[in-house]
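Understanding the architecture of this molecule
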Amino acid sequence: MRLAGLVVAAVVAVAGVAQAQDQQTLADIRQELTVLHVELQRLKREFSTTGSPSPNLSGDSVLERVDAIEAELQRLTRQTEQLNQRVQSIVTDGTNRIGDLEFRLVELEGGDLSTLGETTTLGGDNHGTVVAAQPVTTKPETEQGELAVGEQADFDAAAQALANGDYNTAVDLFSQFDLAYPGSPFASEANLRRGQALENLGDTREAARAFLASFTGDSEGPLAPEALFELGAALGRLGQIDQACITLGEVGVRFPASAPAASATREMASLGCS
């Protein structure tokens, strides 16, 4: 509950600064919802049959037919696992997008942001009830085979641009990476580094959003303390002192042994947090 309150408070604080600068119209958001609806309809077609099944179960003996059946079962199992992974990825991505759209709709229509609850997961659970969306945390795999083609190279290119001080390029590449590889093991770090690049460009508002995305994407991961500290520091620079103090204080509570915890303490002192 404490973490949920922290995230909601950070979202509201960042959104409050962004409200006057956000040029997206209500029609744009409604159009995004329509696109999501079309994608869901396309997903539903995956459950429609395309013709009569024609498994190859031939064989001259009982043993050969048993082997054929076993091979067919293995093939179908692999296909089922691949489709399940695809569906889960779409559900997670769709749920996150709808949650963001709900927030922006309420913001544009002048509603009460505090009344927004957790976004419900697309499709509900297996029993037809709706469950609250949970953040999906993924860990980077050590084997290249676990990553999409070009994923490592694209991330490295963005990181190199940041290291070279080419912040505009770094922002563009990390943004493209986030769109090209939703649910990537590098997603949290990509958002964190994008925030740092934006901060160097003087865009503290968008940097705070990126730090928030990094933390909420993997709130227990190795980069979570740094992302939470960067978010708190950015809120302070945006003039949201109360929220900054709460966020920075949470770094020491959640990650007391981390290096960012000490940095958070110093930042709180400079902001005059009580």
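Residues numbered from 1 in each chain as written. Predicted model: local features only at pLDDT ≥ 70, side-chain atom pairs only at ≥ 80, totals over all residues. Heavy atoms only, no water.

Moving on, we come to the overall build of the protein chain. Secondary structure summary: the protein chain contains 10 helices and zero strands in total. Counting only residues that meet the buried cut, the protein chain has 32% of its 274 residues in that class. Accessible area of the protein chain: about 16,400 Å², with a carbon and sulfur share of 53%. (Helix = DSSP H or I, 4+ residues; strand = E, 2+ residues; numbered from the N terminus. Buried < 20%, exposed > 50% of the residue type's maximum accessible area, 1.4 Å probe, protein only. Areas by Shrake-Rupley, 256 points an atom, 1.4 Å probe, with all protein chains shown as cover.)

Now for helix 7 (residues 204–217). In a regular helix each residue adds 1.5 Å, so 14 residues correspond to 20 Å; helix 7 covers 20 Å between its end C-alpha atoms and thus fits that length. Every buried residue belonging to helix 7 is among T204, R205, A207, A208, A210, F211, L212, S214 and F215, and all of these are buried. (Expected span 1.5 Å × (residues − 1).)

With that settled, the discussion passes to the packing of aromatic side chains. Applying the stated criterion to the full structure yields four aromatic pairs. The interplanar angle of 20° and the centroid separation of 4.8 Å between the aromatic rings of F155 and F186 together place this pair among those described as stacked. Of this pair, F155 sits in helix 4 (residues 151–163) while F186 sits in the loop between helix 5 (167–180) and helix 6 (187–200), and the two are 31 residues apart along the sequence. Judged by relative accessible area, which is 10%, F186 ranks as buried. (Phe/Tyr/Trp six-rings, centres within 6.5 Å; stacked < 30°, edge-to-face > 60°.)

With 61% of its residues at a pLDDT of 70 or more, the protein chain has an overall mean of 75. Mean pLDDT values over the elements of the protein chain span from 52, in helix 1 (residues 2–18), up to 95, in helix 6. Here residues 17–22 is modelled with pLDDT under 50, and outside its nearest four sequence neighbours on either side it reaches eight contacts, counting other chains as well. Here residues 125–145 is modelled with pLDDT under 50, and outside its nearest four sequence neighbours on either side it reaches 31 contacts, counting other chains as well. (pLDDT = per-residue confidence, 0-100. Contact = heavy atoms within 4.5 Å.)

By secondary structure assignment, the location of N200 is in helix 6. Using a relative accessible area of 47% as the deciding quantity, one classes N200 as partly exposed. Taking the C-alpha atoms as reference points, N200 and G165, separated by 35 residues in sequence, lie 8.8 Å from one another. Separated by 2.8 Å, the side chain of N200 and the backbone oxygen of Q196 make a polar contact. (Polar contact = N/O pair within 3.5 Å; in protein donor to acceptor, adjacent residues only side chain to side chain.)

Let us now look at the state of the cysteines. Inspection of the entire model under this criterion finds one disulfide. Across a sulfur-sulfur distance of 1.9 Å, C245 and C273 are joined as a disulfide pair. Negative torsions about the S-S bond denote left-handed disulfides, and the value of about -80° found for C245 with C273 makes this one left-handed. Taken together, the residues span a long stretch of sequence, with C245 in helix 9 (residues 241–254) and C273 in the segment after helix 10 (259–271) at a distance of 28 residues. (Disulfide = S-S within 2.5 Å.)

Attention now moves to the pattern of salt bridges. Inspection of every chain in the model, using the stated rule, returns six salt bridges. In this structure, E189 engages R193 in a salt bridge whose closest nitrogen and oxygen atoms are separated by 3.6 Å. Of the two residues, E189 and R193 are both situated in helix 6; the distance of four residues between them amounts to about one turn of the helix. Looking at R193, the relative accessible area reads 17%, which means it is buried. For E206, the salt bridge goes to R205, with nearest N and O atoms at 2.8 Å. The exposure class assigned to E206 is partly exposed, which follows from its relative accessible area of 22%. Among the charged side chains, a network of salt bridges with common partners joins E189, R193 and E226. (Salt bridge = Lys/Arg side-chain N within 4 Å of Asp/Glu carboxyl O.)

Before going further, it helps to spend a moment on the side chain of R205. Residue placement: R205 occurs in helix 7. Taking the relative accessible area as the measure of exposure, R205 reaches 12% and is therefore buried. Here the side chain of R205 touches E206 through a polar contact of 2.8 Å, side chain to side chain.

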